[in-house]
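# Descriptive structure summary
In case you want the letters, here they are:
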Amino acid sequence: HKSLRTQFTELHKRVTAIDKAFNPDEMSRFRREVRDTHQEMQQVKRELTDVRQLKSAFQMQMQEMNQLKQELHRLKSEVAPTAQISKLVQKEVQKLNSEVGKNVSDFGSMKMAVASTSRDLSFFKKEIYDSGVLNPKIAWEDHPEEHPPVGTIELGQDIFAARLLV
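Residues numbered from 1 in each chain as written. Predicted model: local features only at pLDDT ≥ 70, side-chain atom pairs only at ≥ 80, totals over all residues. Heavy atoms only, no water.

### With respect to the overall build of the chain
In plain terms, the rule: Every helix listed is a DSSP run of H or I at least four residues long, and every strand listed is a run of E at least two residues long, numbered separately from the N terminus. Buried residues are those whose accessible area, probed at 1.4 Å on protein chains only, stays under 20% of the maximum for their type, while exposed residues exceed 50% and partly exposed ones sit between those limits. Surface accessibility follows the Shrake-Rupley procedure with a 1.4 Å probe radius. Residue values consider only the protein chains on display as shielding.
Along its length, the chain carries three helices and zero strands. Starting at the N terminus, the α and β elements of the chain follow one another as α-α-α. Here the chain holds 166 residues, and 2% of them are scored as buried. A total of about 16,300 Å² of accessible surface is found on the chain, and carbon and sulfur atoms cover 60% of it.

Here you go:
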């Protein structure tokens, strides 16, 4: 393929050659056709440039679209486990609510049992204290403290160490 400029130059040379060979009316008509053709070619060239720019913009938008798709897939993969965890948490909450409901109904009977046990324990402690089992032991001295005879000196443990040193 030859460039447009080359084609136009060849066409201009032919027109110049034909201009010399043909009559003036045909030449003016032919020159108008060449000018029109040249203008059409310039228009086509501008449109081609516009198409290239649009193609470039379209490719950039496609790249952005692909990046958005990848981001969307990544977010979906992150959300999926979260949804599963949410379902598991809801199941656990329902299970705990049902257990709490059972425990609330058992609470009244347990409260009564604790009160009864507390009352029984206080009666038992009173009986033990009244019977004297837990009273502190009174220490009876079997041997009254012996008093050393008057005039004696009581020596400490250091006396033995002093004797060994002498």
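On we go from here.
### As for the confidence of the model for the chain
Definition in use: Each residue carries a pLDDT score, the predictor's confidence in it, ranging from 0 to 100.
On average, residues of the chain carry a pLDDT of 78, and 77% of them reach 70 or more. Per-element averaging of pLDDT across the chain places helix α3 (residues 158–165) at the bottom with 62 and helix α2 (residues 24–131) at the top with 83.

### Side note on a nonpolar patch on the surface
For clarity, the cut-off: Within this analysis, patches are made of residues with over 30% relative accessible area and no salt bridge. Like charges are joined at 9 Å or less; nonpolar side chains (Val, Leu, Ile, Met, Phe, Trp, Tyr) at 5 Å or less. Counted as salt bridges are all cases of a side-chain nitrogen of Lys or Arg within 4 Å of a carboxyl oxygen of Asp or Glu.
Together, Ile 85, Val 89 and Val 93 line one region of the surface with nonpolar side chains, adding up to about 250 Å² of accessible area. By secondary structure assignment, the location of Val 89 is in helix α2. Using a relative accessible area of 45% as the deciding quantity, one classes Val 89 as partly exposed.

### Remarks on the pattern of salt bridges
This structure, assessed with the given rule, holds three salt bridges. In this structure, Glu 92 engages Lys 95 in a salt bridge whose closest nitrogen and oxygen atoms are separated by 3.7 Å. Remark: Lys 95 and Glu 92 occur in helix α2; sequence separation between them is three residues, near one turn of the helix. The partly exposed category is assigned to Glu 92, whose relative accessible area is 41%. For Asp 130, the salt bridge identified is with Lys 126, shortest N-O distance 3.1 Å. Taken together, the residues span about one helical turn, with Asp 130 and Lys 126 both in helix α2 at a distance of four residues.

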